[in-house]
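# Structure assessment
Each chain, written out:
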Amino acid sequence: MDKFVIEGGTRLTGDIYVSGAKNSVVAILPATLLLDVPCIIDNVPDISDVEICLTILRELGAEVEKTGEGTYRISCENVSRYTVPEAQARKMRASYYFLGALLGRCGRAKAAMPGGCNLGERPIDQHLLAFETLGAYATLIKRRNMRGEEYVDAVELETDRLTGTNISLNVVSVGATMNAILASVKADGITTIENCAREPHIVDLANFLNYMGARISGAGTHKITIEGVPFLRGNVAEGSVETRTYSVVPDQIEAGTFMAAAAATRGDVMIHGVIPHHLKDIADRLRECGVRVEEIENEDIVRVYVEGDKRFRATNIRTEPYPGFPTDMQPQMAVLLSIAEGQSNITESVWEDRFKYVTELRRMGANIDLTRDGAIVWGVPRLHGASVKACDLRAGAAMIIAGLAAEGATEITDIYHIERGYSHIVEKLRGIGARIQRE
Ligand code: UD1
């Protein structure tokens with residue numbers, strides 16, 4: 001079984017580069033189905049979730065060509081299928097973006113319910129609300145699990161015509177906001193989406209689509225307006241034959257993960273290719289712990305370092321939709337808090353089951369109690385190496401940080417979770433002095 005082996009106790013120092021954002025690209029790749037001409041996308045991270053998206057595109061009939069490191073030319077002109085291949089759909093949570101994109105493209109879409117990280121119940125009622133409000137008819141194919149409970153196994157959508165309308169989401173959801181955008185870009189008339197999520201990847205999806213000829217405004221606020229267009233001309237500038245390339249936004253969570261790793265190892269790391277204001281809340285929490293975080297003026301760099309040998313201070317974190325503290329940084333931050341002095345409280349307000357990593361972190365000496373909606377972390381002076389597993393993507397990232405900060409050797413299994421979302425993580429960390437290898 002593949003694993004990461006880490007020899008802990010080394011300060012991370014030097015320069016590290018952030019890749020394109022996983023949570024953007026997994027929506028942008030399905031969005032290429034809405035285009036009527038080929039497009040070129042770069043800064044695409046080398047992660048297995050991207051591989052799955054590209055396989056789905058190919059199986060639907062798209063032509064996908066890798067033209068350089070992280071650069072793809074995608075042409076969906078010959079796509080005529082509307083069913084997402086089941087095996088691929090089940091491998092990745094974000095396969096649900098193909099529902100919105102295919103519905104927007106051809107008025108029909110079918111997909112098995114997605115897999116991905118198991119963070120507790122992950123309903124898609126808000127996605128369906130958006131599709132149905134736009135005029136789609138949704139059929140839910142249900143099955144029963146071993147306990148006899150009914151669950152939705154697949155979704156089929158159909159419509160004669162998508163019509164611009166007002167969609168008011170009941171829950172702030174990244175996925176539902178993105179799917180509502182995908183389905184309404186080519187609808188007749190004007191769509192408004194209220195109570196939207198505001199994450200950077202939502203802005204990135206809107207930027208990508210606008211770059212291709214869509215008319216979306218308000219992304220990054222609570223209300224998005226989409227003026228439907230009959231076709232998207234692709235990234236060929238109007239009146240020109242020059243094809244422009246769209247670059248995926250830097251990954252906020254990968255950057256945050258490197259920040260936490262630099263801090264927990266008491267290192268000094270320059271993290272390149274970031275958008276500093278995406279990292280504000282993460283930086284603020286790190287500063288509360290006594291970590292120095294400096295944004296380098298006018299450059300896409302953030303420097304994270306620790307001075308002196310005082311223990312980190314405890315602090316409290318509460319996960320919230322952007323611009324609050326991201327739930328996808330909660331496990332990584334918990335590692336730092338587990339070696340801080342005193343008691344820290346973590347409140348998780350997005351996912352009900354995001355604490356599976358606690359059992360693993362306890363194996364390394366952390367002292368954490370679980371509460372109804374969070375955890376209390378009683379800081380210990382140090383963690384020690386152990387055999388642990390990556391329970392999900394961000395839990396896996398937390399295990400890496402813990403292994404780097406701990407005394408002794410750590411072995412992490414189930415690393416496929418980590419490789420879903422972190423591009424060349426071993427090489428990147430080795431570049432700043434980590435003693436980590438893949439075996
Ligand atoms: C995305 C990210 C995930 C991140 C999450 C929150 C991807 C592929 N995944 O997930 O890494 O943890 O944002 O930043 O981009 N909800 C409903 N009904 C719905 C949809 C969601 O009740 O139809 C609830 C969920 O149960 C959860 C909350 O809304 O409590 C947030 O979910 P959402 O923002 O949709 O997360 P994802 O888009 O699945």
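Residues numbered from 1 in each chain as written. Predicted model: local features only at pLDDT ≥ 70, side-chain atom pairs only at ≥ 80, totals over all residues. Heavy atoms only, no water.

## Focus on the site of the ligand
Lining the immediate surroundings of the ligand are 21 residues, of which Gln126, Ser173, Val174, Asp328 and Val350 lie closest. One nitrogen or oxygen atom from the main chain of Pro123 is found 3.3 Å from an oxygen atom belonging to the ligand. About the coverage of the ligand: the protein hides 88% of its 730 Å² of free accessible area. Of all elements in the fold, only α5 (125–133) and α6 (174–184) reach the threshold of two or more residues within the shell around the ligand. Among the elements that make up the shell around the ligand, the one with the highest residue count is α5 (three residues). Domain assignment of the residues forming the shell around the ligand places at least three in each of domain 1 (4–19 + 251–438) and domain 2 (22–233 + 242–247). (Near = heavy atom within 4 Å. Polar contact = N/O pair within 3.5 Å; in protein donor to acceptor, adjacent residues only side chain to side chain. Areas by Shrake-Rupley, 256 points an atom, 1.4 Å probe, with all protein chains shown as cover. Helix = DSSP H or I, 4+ residues; strand = E, 2+ residues; numbered from the N terminus. Domains from an automatic or database assignment.)

## Section: the sheet that holds strand β11 (residues 215–217)
One open sheet accounts for four strands, arranged β9-β10-β12-β11; its pairing is mixed. Only two strands of the sheet have a single partner each, and these edge strands are β9 (166–168) and β11. In this sheet, adjacent strand axes meet at a mean angle of 15 degrees when their direction is disregarded. Note: β9 against strand β10 (residues 190–194), three bridges, orientation parallel. Residue pairing for β10: Ile167 is matched across the bridge by Ile193. (Pairing = 2+ DSSP bridges. Axes fitted to C-alpha atoms, helices over the stretch in contact; angles between N-to-C directions.)

## Considering the environment of Ala130
In this fold, Ala130 is placed in helix α5. The sequence separation of Ala130 and Asn166 amounts to 36 residues, and the corresponding C-alpha distance is 9.1 Å. Discounting chain neighbours no more than four positions away, the residues touching Ala130 are Ile167 and Ala180. (Contact = heavy atoms within 4.5 Å.)

## Quick word on the packing of aromatic side chains
Taken as a whole, this structure holds four aromatic pairs when the rule is applied. Aromatic side chains Tyr211 and Tyr246 sit 5.4 Å apart centroid to centroid with 70 degrees between the ring planes, which places their arrangement in the edge-to-face category. Here Tyr246 lies in strand β13 (residues 245–247) and Tyr211 lies in helix α7 (residues 200–211), a separation of 35 residues in the sequence. We classify Tyr211 as partly exposed; its relative accessible area is 26%. On the numbers, 6.1 Å between centres and 35 degrees between planes, the contact of Phe355 with Tyr357 is tilted. (Phe/Tyr/Trp six-rings, centres within 6.5 Å; stacked < 30°, edge-to-face > 60°. Buried < 20%, exposed > 50% of the residue type's maximum accessible area, 1.4 Å probe, protein only.)

## Topic: the side chain of His201
When you line up the elements, His201 lands in helix α7. For His201, the residues in contact, after removing those within four places along its chain, are Asn23, Ser24, Val174 and Met178.

## Considerations on the pairing of strand β7 (residues 137–144)
Each regular strand shows side chains that alternate between the opposite faces of the sheet. Relative to strand β8 (residues 150–158), β7 runs antiparallel, the two sharing eight bridges. Within the sheet, the bridge partner assigned to Arg144 lies in β8 and is Glu150. The antiparallel pairing of β7 with β8 creates a hairpin that spans five residues between the two strands, and Gly148 there sits at a positive phi of about 85 degrees.

## Quick notes on the pairing of strand β24 (residues 409–413)
Side chains Thr410 and Ile412 of β24 all project onto a buried face; the interleaved residues Ala409, Glu411 and Thr413 project onto a face where none is buried. Pairing of strand β1 (residues 4–7) with β24 involves four bridges; the strand directions are antiparallel. When the bridges of β24 are listed, Ile6 appears paired with Thr410. Handedness of the β-α-β unit built from strand β23 (residues 387–389), helix α12 (residues 393–405) and β24 comes out right-handed. (Right-handed = clockwise from strand over helix to strand, strands pointing away.)

## Remarks on the layout of surface pockets
What the largest pocket holds in volume is close to 930 Å³. Of all the elements in the fold, those that place two or more residues in the lining of the largest pocket are α1 (22–31), α5, α6, α8 (252–264) and α12. For the lining of the largest pocket, the per-class residue count stands at 19 nonpolar, 10 polar and 12 charged. If you count residues domain by domain, the lining of the largest pocket takes at least three from each of domain 1 (4–19 + 251–438) and domain 2 (22–233 + 242–247). (1 Å grid on protein atoms, 1.4 Å probe; cavity = no way out; pocket = protein on both sides within 12 Å on 5 of 7 lines; lining within 4 Å. Points joined across faces, edges and corners; volume = space filled by probe spheres on them. Nonpolar A, V, L, I, M, F, W, Y, C, P; charged D, E, K, R; others polar.)

## Thoughts on the domain arrangement of the chain
As far as domains go, the chain holds domain 1 (4–19 + 251–438) and domain 2 (22–233 + 242–247). With 22 residues of domain 1 at the contact, the number on the domain 2 side is 19 residues. Interface of domain 1 and domain 2: buried area, both sides summed, is about 1900 Å²; carbon and sulfur atoms make up 53% of it. Together, Tyr322, Trp351 and Arg420 form the three largest contributors to the area buried by domain 1 at its contact with domain 2, with a combined 36%. Taken together, the links from domain 1 to domain 2 amount to one salt bridge. Notably, a salt bridge pairs Arg420 with Asp49, separated by 3.1 Å at the nearest N-O pair. (Buried area = accessible area lost by both parts, 1.4 Å probe. Salt bridge = Lys/Arg side-chain N within 4 Å of Asp/Glu carboxyl O.)

## Things to note about α8
Taking 1.5 Å per residue as the helical rise, α8 with its 13 residues ought to reach 18 Å, and the 18 Å between its terminal C-alpha atoms agrees with that figure. With 13 of 13 residues buried, α8 is to be regarded as a mostly interior element. By the N-cap criterion, in which a side-chain oxygen at the helix start approaches the backbone nitrogen of a residue two or three places on, α8 is capped by Asp251, the distance to Ile253 being 2.9 Å. Looking one or two residues beyond α8, the residue adopting positive phi is Arg266, at roughly 55 degrees. (Expected span 1.5 Å × (residues − 1).)

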